[in-house]
Amino acid sequence: MASSRDILEKLAMKHRALQETLVKNKHADDVQALVPSAKVNVGKLQPTMKAAESSDEDPGETLKRTLRAQRQRRKELLLSKSSVQESHNNEETEEVSTIKRYSPNDKLADKTEESSVISIKPPSGSYGSATPQPSSSVFLDTFVTQHLQEKLRAARSKGEKLQQLEASVQSPSRLQQLRDRDTVTRFDTRQVDPVGAGRHDDPPVLHNRIKFREAARRVRDLPTAEESYNFFTFNFEPDRPNERLSRKRQIRRKSAEEARDEEEGKAAEVEEDAGGEDDQDETVNQSDEAHLVQNADDLFVIDHSPQDFLVVKKAEYVSYHTRIQQESELFTPSFRTVPASVKLPENMKPRFLEEEGLYVGKRPAISLTNENILENRLLKMDEGRKWFGDDGRIITLPDPVKESSTRPPLADMEEDLHPALQTVYRRPLKSMYGSSDPTGDYQIDVNVSGLIFSHHPLFSREHVLAARLAHLFDQYLTRRQSNLSGHLTDKLNGLRNALRNVVKVHGDQDLPQALQRRIFEYSLEVRNTRHLRDMEQEKDRTLLKNIIKVWKEIKALREFQTFTNTPYKLYLRRENVDLAADEHMYEEEILTEALEIEAEHEEDYQKKLAEYKKQQEEWKRWRKKQKAKKKKKKKKKRGQTQDDTDEEDQDQEGSESEGPFEEGPPKPEPPERPDFDSIEQWVREKASRIRRKPGEVILTPELSASGSITPSELCPRAEVARREDVSKRSLFIKVLYNDKEVSRTGSCSLRSDFRVQFTQLFHLKILNCPQSMNLQVFEQIGSSSSLLAQVFVPVPEPSVVTGSAPVETFEFSSNQRVMFDHEGVGSDVPLSFEPDGSNKVILLTSGKLACCVSWGIGEDDVPRAPPVSQQLGAAHSGLGHLDAVTYIGASGLYDMKKISEWATQSRLDPNDPNNASIMQLLKVASSGEVTAPDYFRLEHLQEEFNFATDEEMEKSKRFRLLRLRHQGVPEFRNYKFVPAFSSETSEEVFKEYDRRLRDEEIINKEEHLDSHRALVARYLQKIRESVINRFIQAKHHYLLSDLVVEEEIPSIGGAGSGILGLNLFKLAEPKRPLKPQRKERKKVTAQNLSDGDVRLLINIIRAHNIPVRKPHSNKPGQSSQSAIQGSEWFISQVQVKPFVEVSFQRTVLQTTTADGPNPSWNEELQLPFSAPNGDYSTTGLQSVKDEVFINIFDEVVHEAAASNKERRPSVHTQTEKHWLGSVKIPFSTIYSQSRIDGAFRVNTPAVLLGYSKEHGSFAAYDHFRKPNEGTFIRLFITMEPQLVPGEAIREKIKEMTFESQEDERLLQASETFERAAALRYPDRPCITTVIDLNGKTVFITRYIRPLKPPQEFLDAFPNNPQEATTLVARYVSLIPSLPDELSFCGPCDLWSTCDQFLTLLAGDEEEHAVLLCNYFLFLGKKAWLIMGTAIPEGPTAYVLTHEPSGFFIWNPSSGQCFERDDTFCPLQTIGCLVSSDNVWFNIQEKASPVNMSFDVTNTSWWKPFFSRSFSHPGLSSVQPEELVYFHTDRAAASDLQDRIEKILKEKVMEWRPRHPTRWNRYCNSILKQFLPKLELSRGQDVAKAHRHELQNLLGDYRIAGFPLHMPFSEIRPIIEAVYSTGVHNVQVSNVEFALAVYVHPYPSYVLSVWVYLASLTRP
Amino acid sequence: VTMATNNPSVFLLTVNGQIEGANFPEHDNLYCKYCYVYGHDWAPTTGLEEGITQITCKNSQTQRLVWNFPLETTFKSTNPFGWPQLVVSVYGPDVFGNDVVRGYGATHIPFTPGQHKRSIPMFVPEPTWRLQKFTGWLLGRRPEYTDPKVVAQGEGREVTRVCSQGSVTVSFHIMSKDMKKMGYDVGPSHVHSATPD
């Protein structure tokens, strides 16, 4: 290569080589055109390939040189052969550069093409990256690529010409200039110089990197003449880059303008250079940045050897000064504290969350300096402030380090550890249940012996053929071993002989049936066997042919490529045969066969013929029939007149017309007679095709691997590269068990024959059921490995044990596409062995893995396999799926699909009786008769769990009893001893209950005495039921206090002196104080109580103002004196001898008798208490309706003797007790209050015959009354032991959050208001929301609204509003009181509206108060509702009115009115005031009305609910606009009056069973007349006149009696009241009784009942 | 009650046994109260329904409290529902000499005739607050159940928090009569113990 002539010669040679290689290239181009994207992908996405390719250059120089030499050699070889090859000369001859492009290695050519395509792509932004985006290949559709290729080719030729032309014009000075310019960087200088040298080497090979490298390394030498020539003649076009850019744009737009051909040509050349991965051209020329980037890209893609960049220089020294300067540019954060203002956003003050009460974790400890540095550093950053929190410090998480060790200290671990903590080592035991498990001590041995590739991407062409040959030869061997054709031939001969024998023996006579059949069978067999034999022979022959063909191909290839890659050699052993004998046999065979076939054909023919005849006959018959039919028809049609002559015509007609509807059998075709002559011909042809010709040598192929492989030194470069690649690869196998890698083989290098020997044995000790076994074949190149294929290995049968198991081969394959630029054929790449490129095959990487998987054998030669009986599959399924319920879940039991799925999975034994039901179910389900229910049942097993049917439950009395008791029906709530058998349960038990049920339907008029009230009672009952249902759940909601008694912590800093102080004080207090105070006792829950345990303690202290006896005189005249002598009586006479009698639950106890109108007893009475049905539960106690009657009697002693004013002890005396008044306290009040302490106003009758109040009453408006006007008694009542009252269900309801229509905000506010109130003043009731009859929460102010009282009250005193007020108050008080506890069976407080109240005619104090308040408001008064506590009611509601004379407090249930400063006012504390628009809570120091101010505007005394901050939202009232009053029927009232009278009379007689009860009719009538007057005067101011009247009327009767007044609700309270007065207890024989009843009707069935009871004794 | 032996209307359950002792690692000088909780259809016929044991203190070696307090009660019933439960509660003095509760526990009387031994784990309610725990300790007012029988009921227990304390061992000797006749089969031992009628 010294002169240009050499080059020319070489060029000529290469041209020819080109022509030859073009054939291949064309093919390659085609492929590229078809799958450009794939190509690009492969080229770019496989870095391994690149690495492989680049690795060619990595080794040392020697290697490269040898490579080059090899390639040169190969080129020459090819050239010499090229004359033989077909040539397709499509290219211009002067196209020189393409010779290099289409280098003999078509792989390389492919590569260049491909890279040229890449470089054409526009330099997009992402182009700078090492690899172009694969997506960009989208642009490169087929058209563009082809178009470009054409252009390129054209341009190349032109460019070449231009180059040559310009070469002469090129001036060295310009070059020099360029060189100067380019030596800006060291890098470039270094690069350019070798370029210049490299040029001379070989211009066409310029782009060959290796050459360039070589040249670069030769820099130190002087450039050769050729190099320098090339260097100087080379065209450096400075303006190329711009053109190139425009060119690119053009290409992108797919516009190819012919006018710019030249430019394009140049551009294309540049690109071509780039494509050839030769970059120096561009490095020199380009100033454009984009190109530089591209170059860089190319630079990096190419793996430069380190020497390329290595430069030896002296050590760098930077002077101290510059270093200082450099360092000064560095940022050094300051140590100083950063002011907070810098760290926070502008105008923000640091906010400390801790101070706001929020929890802030402890910050981890950082030294201040470090923190300062960090802060300073952060502040320098963009958005540095985001690192700082609101407090101006760096946001930190709390210190994660725990202060104390979480591990308990074990200081004395060695010495004396607590025995409980001593650990004892126990040997791990195998589970006793595990033995039957497949998770036993099993072992699987996996023996991976080796791997043979039937195809590998690194196969050379020869390998492919060799593999094919080996495969064919394998086939051949197996075929030869089985020798099917030989066998079949023998069989055929045998059959023929047998057949012949049969025929021979029997001759041609008539053969018996059996024999005939036998012959037939034989011949059939012969026919089949012959057919099979022919096929086998054909296969044998083609196989042999193929083997020879492939071998020939291999030979040709070896010859062609001049080296041998595979050691295979095929020997064909020839076996000469005796020609004559052979021919004879051959002929004989043909003859026999021909005869046989003839016979067969004959037979067939006969058969067919017979068939034909049969069919023909049939057809004829049918035809005849048709004719006959037609005839008949015709006759019918035309009658008999028709001539017979034109029968034929008609026949035809008929057949035509008949054809459509009656298809006859087709006319059969006669069978063709077989052509016997052709048979022999055919047999011969076949024989020559499938059989060895007579006399032909028998060829026996023998494949041996004894051939020698050409050593690498003698191979061309591409092959060497391939071999190197092969040697780099190694393989290993991962063994995966149940998808988990358990072991892997060592990596074994891939041998040149593509076999890998592992021979490694793995013992897998298994614990889990084998589910899958998987061997993964990995290929390793260097350190990276890739999964080649997976081989799934079946889990061996338990009988397969190591040692006995044969090695099996498993085939595997991979569809990975691999391509190489060396001799390796790749994978998934079309490959053709034909010279014209046809008959392409695509080979995939595939191979066989030889391995052996078997169960291991233990030390004692026991196979460590699961027992054979235990089906592995079943065992496996048994683990997870044996139980249907656990597998699919209970709910799935109704899903047929799931069940069947489960059944199939778990392989249920259909014969197992346990599974019978499931099988049955599945059978039915699969038959489709039963479909799964499309409804959902919550408790679908309910019926199964019922132990008795519903009917049984209904019928059985016992079950009924049990159920009723469980439901808590009152009659059965505490029923004991439900009999064990239904028969023992008596009907009696249910009688009461049934009656009650019945009664609820039919209202008992007897009890209610009033139809309206009956209806109301029923209505009430209904409401009660619904409310009970509502509260049942609330009752079962327990609070801690229900279960646990816990000492409350005394309030700290409150009124008390603290916890300790209080108790110390307690310790110090005197044991027996002079003035003992009542202490709170421990409360007892009522659960463990029984009858007699509970007593009612009633402490009767004293009484005030008891009426005194009048001077008793028999003389009528004396009565007038009494008034005058009042004061004298007071002094001289025994005024009264009162005692107190307490009756409760029909137990009566009395105090001692005291003297005077202001007695002091100070006695404690203990009354036993028994709960109904012995039910001492909270609910039981709450439902106790009994009342405590405290009656004051006067003990009157009469002397039996007639003598007056003389008292001798001997005289018989008669003691009488006269009822003076009573106090009634319901038990429920005592129970809920737990203690009652105070002065009670004694309910005294309006008229007390024979007695006078010490101070006469004043007939004036109530507020003029003096406070001491009434009679009062001071009582203290409690229970022993103290029972825990059922705390108001309200609390619980609150938790249950009853629905409400109120605004959520309002409810919340009210809750806070109430809570705050309760916290500060726990004893002051504060109510803002109440529950209405529907159980909804309603704000309390909604109840207040002016309502009009009945018109008649307004009309009664039109001029006296005070009178009207009293009337109204009286009316309200006449509505019966019924505590909510009683009506609703629970401690709940339901508020009914006024109309509901009037309809129900029963209500609590609240309802009374609300109604009264509303009436007062209507009357124009200022009125408020007071929520407070009073005696004896406890928390209650009163009404406050403001009148000119002051504030008045009204007790709505009694109608009484008190002045504010009335000390006897029962109202003890005032919690809050309610008006229609606000609620005020009392925050004054005192809560008793006497000490209070009622100025609600003063917010320091009254805390308003609605204030300026939370204004009244304008709540509408729940009250009706107007109350509708019904006029009460007077007749009904008088009817009721008569009935009450009758009942009472009967009762009195009943109470006096031993004495006759005489009724003084006269007196009765007088009293009766008197009662209406009492009603009219409301019990005031009639006493005197009345007494006079009575006295006059009754003369000398001693009369003791009084009118009782009460609101009417039921008859029972009236009877009780009468009984409690004890009038009937007069035992005197001559006593007479008088009784009068008056019922006064008020509107809306409000009835006032007066009972006048008197006893008359005749002296 | 005179019952025809062939047609009994009640069955009898006799509970003999003893509250043997307890194991309270932290406390000493304890006594035990016991009572029965049973359903509506049950009634004790003879024997003590409730009782209090003596105060016992620990032996320094065994660390066990021994009461050996006999139980002897006979119940009659018509219905196994509400089967009697033995409720035991253990009390003892605290540091200041206040009698405080040391544990509550309950167990059903065994169903099957024969000898049984039960170890009843004991617990006490916990104070709601820490402070209360302190004051309770100081003043000797520990939280107690409103009724020891609460521990024999299931309802409402979710509102309490308890702390385990120790255990009480009780042995039972159970006899029953006529249960089988009334159709209640309580196990194999019953069959064997069938008496000739």
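Residues numbered from 1 in each chain as written. Chains lettered and ligands numbered in written order. Predicted model: local features only at pLDDT ≥ 70, side-chain atom pairs only at ≥ 80, totals over all residues. Heavy atoms only, no water.

Asks: Would you mind showing me how to read the overall build of chain B here?
Replies: The helix and strand tally for chain B stands at 2 helices and 10 strands. Beginning at the N terminus, the succession of helices and strands in chain B can be written as β-β-β-β-β-β-β-β-α-β-β-α. Here chain B, with 197 residues, has 49% of them falling under the buried criterion. Here the analysis covers contacts within chain B between residues at least 6 apart in sequence; of these, 75% occur between residues at least 24 apart. Element-wise, carbon and sulfur atoms account for 54% of the exposed surface of chain B, whose accessible area totals about 9700 Å². (Helix = DSSP H or I, 4+ residues; strand = E, 2+ residues; numbered from the N terminus. Buried < 20%, exposed > 50% of the residue type's maximum accessible area, 1.4 Å probe, protein only. Contact = heavy atoms within 4.5 Å. Areas by Shrake-Rupley, 256 points an atom, 1.4 Å probe, with all protein chains shown as cover.)

Asks: Can you walk me through a positive patch on the surface in this structure?
Replies: Residue and element names in this part refer to chain A. Side chains of Lys620, Arg623, Lys624 and Lys627 sit close together on the surface and give a patch of like positive charge. Its location among the elements puts Lys624 in helix 22 (residues 579–638). Accessibility expressed as a relative area gives 64% for Lys624, which makes it exposed. (Patch = residues over 30% accessible without salt bridge, like charges linked within 9 Å, V, L, I, M, F, W, Y side chains within 5 Å. Salt bridge = Lys/Arg side-chain N within 4 Å of Asp/Glu carboxyl O. Lys, Arg positive; Asp, Glu negative; His and termini not counted. Charge placed at Lys NZ, Arg CZ, Asp CG, Glu CD.)

Asks: Looking at this structure, how should I read the nonpolar core?
Replies: Generally speaking, soluble globular proteins have nonpolar side chains that are buried together. All names here are of chain A. Counting 73 residues, the largest nonpolar core has Ile1190, Ile1273 and Ile1540 as the members making the most contacts within it. With 7 residues, the single largest contributor to this core is helix 49 (residues 1530–1551). In this structure Ile1190 touches Val1140, Glu1141, Val1142, Gly1221, Ser1222, Val1223, Ile1225, Ile1273, Leu1275 and Ile1277, once residues within four positions along its chain are discounted. Membership of the second largest hydrophobic core comes to 54 residues, among which are Cys1326, Leu1367, Ala1423 and Ile1483. (Core = buried A, V, L, I, M, F, W, Y, C linked by side-chain atoms within 4.5 Å.)

Asks: What is the right way to read the interface of chain A and chain B from this model?
Replies: Interface size, as often reported, equals the accessible area lost upon joining of the parts. Every contact between the two is made by 34 residues of chain A and, on the other side, 37 residues of chain B. Approximately 2900 Å² of surface area, both sides summed, lies buried where chain A meets chain B, with 58% of it carried by carbon and sulfur atoms. The interface formed by chain A and chain B holds 1 salt bridge in total. Ionic pairing is found between Asp41(B) and Arg965(A), a salt bridge with its closest N-O pair at 2.7 Å. Viewed at the interface, chain B and chain A are joined by 5 residue pairs in polar contact (both at pLDDT 80 or more). Going through the elements one at a time, helix 32 (957–967), helix 36 (1040–1043), strand 14 (1044–1045) and helix 37 (1059–1068) of chain A are the ones with two or more residues in the side of chain A that touches chain B. The greatest single-element share of the side of chain A that touches chain B, amounting to 4 residues, is contributed by helix 36 of chain A. Of the pairings in the sheet, the one linking strand 14 of chain A to strand 9 (residues 144–145) of chain B comprises 2 bridges and is antiparallel in character. Its bridge partner being in strand 9 of chain B, Val1044(A) is matched across the sheet by Tyr145(B). (Buried area = accessible area lost by both parts, 1.4 Å probe. Polar contact = N/O pair within 3.5 Å; in protein donor to acceptor, adjacent residues only side chain to side chain. Pairing = 2+ DSSP bridges.)

Asks: For this particular structure, what's the right way to read the packing of helix 19 (residues 461–482) of chain A against helix 21 (residues 513–561) of chain A?
Replies: Residue and element names in this part refer to chain A. The N-to-C vectors of helix 19 and helix 21 enclose an angle of 155 degrees; their axes lie 9 Å apart at closest approach. If you check the angle between helix 19 and helix 21, you find them roughly antiparallel. Relative to helix 21, helix 19 is oriented so that their crossing is left-handed. Tallied by class, the residues present in the contact of helix 19 with helix 21 amount to 13 nonpolar, 3 polar and 9 charged. (Axes fitted to C-alpha atoms, helices over the stretch in contact; angles between N-to-C directions. Parallel < 35°, antiparallel > 145°, perpendicular 65-115°, else oblique. Left-handed = near helix turned anticlockwise from the far one by under 90°. Nonpolar A, V, L, I, M, F, W, Y, C, P; charged D, E, K, R; others polar.)

Asks: Even after reading the chapter, I still don't get the packing of aromatic side chains, so can you show me in this structure?
Replies: For any pair of aromatic rings, the description consists of the separation of the ring centres together with the inter-plane angle of the planes. Scanning the entire structure with this criterion turns up 40 aromatic pairs over all chains. Ring centres of Phe1144(A) and Phe1227(A) lie 5.8 Å apart, and the angle between their planes is 25 degrees; this geometry places the pair in the stacked category. On the criterion of sequence distance, the pair formed by Phe1144(A) in strand 17 (residues 1138–1144) and Phe1227(A) in helix 41 (residues 1227–1233) is long-range, its members being 83 residues apart. The two residues Phe1144(A) and Phe1227(A) agree in class, both being buried. Where Phe11(B) meets Tyr184(B), the ring centres are 5.8 Å apart and the plane angle is 65 degrees; that geometry is what we call edge-to-face. Here Tyr184(B) lies in the loop between strand 10 (162–177) and helix 2 (188–192) and Phe11(B) lies in strand 1 (residues 11–23), a separation of 173 residues in the sequence. (Phe/Tyr/Trp six-rings, centres within 6.5 Å; stacked < 30°, edge-to-face > 60°.)

Asks: It is not clear to me how the sheet that holds strand 31 (residues 1456–1459) of chain A should be interpreted in this structure. Could you clarify?
Replies: Through backbone hydrogen bonds, the strands of a sheet pair up, either in parallel or in antiparallel fashion. Residue and element names in this part refer to chain A. Pairing is antiparallel across the open sheet formed by 7 strands, whose spatial order is 31-30-29-28-32-33-34. Taken across any chain shown, the strands that pair with only one partner, and hence form the sheet edges, are strand 31 and strand 34 (1502–1504). Taking each pair of neighbouring strands and ignoring which way they run, the sheet shows an average axis angle of 35 degrees. Bridging between strand 29 (residues 1434–1443) and strand 30 (residues 1446–1451) involves 5 bridges; their strand directions are antiparallel. What sits directly across from Thr1441, in strand 30, is Phe1448. Against the sheet, helix 48 (residues 1405–1418) touches strand 28 (1422–1430), strand 29 and strand 30, its axis set at about 10 degrees to strand 29.

Asks: Even after reading the chapter, I still don't get the pairing of strand 17 of chain A, so can you show me in this structure?
Replies: Looking along a regular strand, one sees side chains alternate from face to face of the sheet. Residue and element names in this part refer to chain A. Counting buried positions along strand 17 yields 7 of 7 residues, so the element is predominantly enclosed. Every second residue of strand 17 is oriented toward a common face, with Pro1138, Val1140, Val1142 and Phe1144 on one face and Phe1139, Glu1141 and Ser1143 on the other, all of them buried. Both strand 17 and strand 18 (residues 1147–1150) contribute to a ladder of 4 bridges, which runs antiparallel. Each bridged residue has a counterpart across the sheet, and for Ser1143 the counterpart in strand 18 is Val1148. Between the antiparallel neighbours strand 17 and strand 18 lie 2 residues, among them Gln1145 with a positive phi of about 50 degrees.

Asks: How do you make sense of the sheet that holds strand 15 (residues 1094–1104) of chain A when you look at a structure like this?
Replies: Residues and elements named next belong to chain A. Strand order in the open sheet formed by 4 strands is 19-15-24-22, and the pairing between neighbours is antiparallel. Edge strands, defined here as strands with exactly one partner in the open sheet, are strand 19 (1160–1169) and strand 22 (1235–1241). Recorded for the sheet is a direction-independent mean angle of 20 degrees between the axes of neighbouring strands. Where strand 22 lies against strand 24 (residues 1272–1280), 7 bridges are found, and the strand directions are antiparallel.

Asks: Can you help me understand the side chain of Arg479(A) in this one?
Replies: For Arg479(A), the position within the fold is in helix 19. Ignoring anything within four residues of it in the chain, the contact list for Arg479(A) reads Leu484(A), Glu536(A), Lys539(A), Asp540(A) and Leu543(A).

Asks: What is the right way to look at unusual backbone geometry in this model?
Replies: Phi at Thr759(A) is positive, roughly 40 degrees, even though this residue is not glycine. Tracing the backbone shows Thr759(A) in strand 7 (residues 755–766). The phi dihedral of Asn68(B) is positive, around 50 degrees, even though this residue is not glycine. Within the fold, Asn68(B) resides in strand 5 (residues 65–77).

Asks: Before we go on, may I ask you to explain a nonpolar patch on the surface in this structure?
Replies: Where nonpolar side chains cluster on the molecular surface, the patch consists of Val95(B), Phe96(B), Trp129(B), Leu131(B), Phe134(B) and Trp137(B) and spans about 650 Å² of accessible area. Take Trp137(B): it is sitting in helix 1 (residues 130–139).

Asks: What's the story with the pairing of strand 5 of chain B in this structure? I'm lost.
Replies: Residues and elements named next belong to chain B. Looking at chain direction, strand 1 and strand 5 are connected through 11 bridges and run antiparallel. Bridge pairing in strand 5 links Phe11 to Ser77. In the sheet, strand 3 (residues 42–47) pairs with strand 5 via 5 bridges, with the strands oriented antiparallel. Looking across to strand 5, one finds that Pro44 is bridged to Phe75.

Asks: What am I meant to see in the packing of helix 21 of chain A against helix 24 (residues 676–690) of chain A here?
Replies: Two quantities define a packed helix pair, namely the angle between the axes and the distance from one axis to the other. All names here are of chain A. Packing of helix 21 against helix 24 leaves a shortest axis separation of 8 Å and a crossing angle of 40 degrees. With respect to each other, helix 21 and helix 24 are oriented oblique. Touching Asp534, Gln537, Glu538, Arg541 and Lys545 of helix 21 are Lys686, Ser688, Arg689 and Ile690, all from helix 24. Residues belonging to the contact of helix 21 with helix 24 are distributed by class as follows: 1 nonpolar, 2 polar and 6 charged.

Asks: Any chance you could explain the pattern of salt bridges here in plain terms?
Replies: Pairing between side chains of opposite charge can happen when their charged atoms approach one another. Residues and elements named next belong to chain A. Counted by the stated rule, this structure contains 37 salt bridges over all chains. Two residues, Glu1541 and Lys1545, come together in a salt bridge whose shortest N-O distance is 3.3 Å. Of this pair, Glu1541 and Lys1545 both sit in helix 49, separated by 4 residues, roughly a single helical turn. What makes Glu1541 buried here is its relative accessible area of 10%. What you see here is one network of salt bridges that share partners, running through Arg496, Arg527, Arg530, Arg533, Asp534, Glu589, Glu593, Glu596, Glu600 and Lys686.

Asks: Would you mind going over helix 20 (residues 484–506) of chain A with me for this structure?
Replies: Each full turn of the α-helix corresponds to 3.6 residues, which orients residues three or four apart in the same direction. All names here are of chain A. Given a rise of 1.5 Å per residue, 23 residues ought to cover 33 Å, and the 33 Å separating the end C-alpha atoms of helix 20 matches this to within 8%. Taken together, the buried positions of helix 20 are occupied by Ser485, Leu488, Thr489, Leu492, Leu495, Arg496, Leu499 and Val502. A side-chain oxygen of the first residue of helix 20 lies 3.3 Å from the backbone nitrogen of Gly486; this N-cap is Asn483. (Expected span 1.5 Å × (residues − 1).)

Asks: What should I look at first to understand the confidence of the model for chain A in this one?
Replies: The predicted coordinates should not be examined in detail at positions where pLDDT is low. All names here are of chain A. Averaged over every residue, the pLDDT of chain A is 70; residues scoring 70 or more account for 62%. Ignoring residues within four places in sequence, the model shows residues 25–59, a span with pLDDT below 50, making 67 contacts including any to other chains. The model gives residues 1051–1061 a pLDDT under 50, and that stretch makes 5 contacts with residues more than four places away or in other chains. (pLDDT = per-residue confidence, 0-100.)

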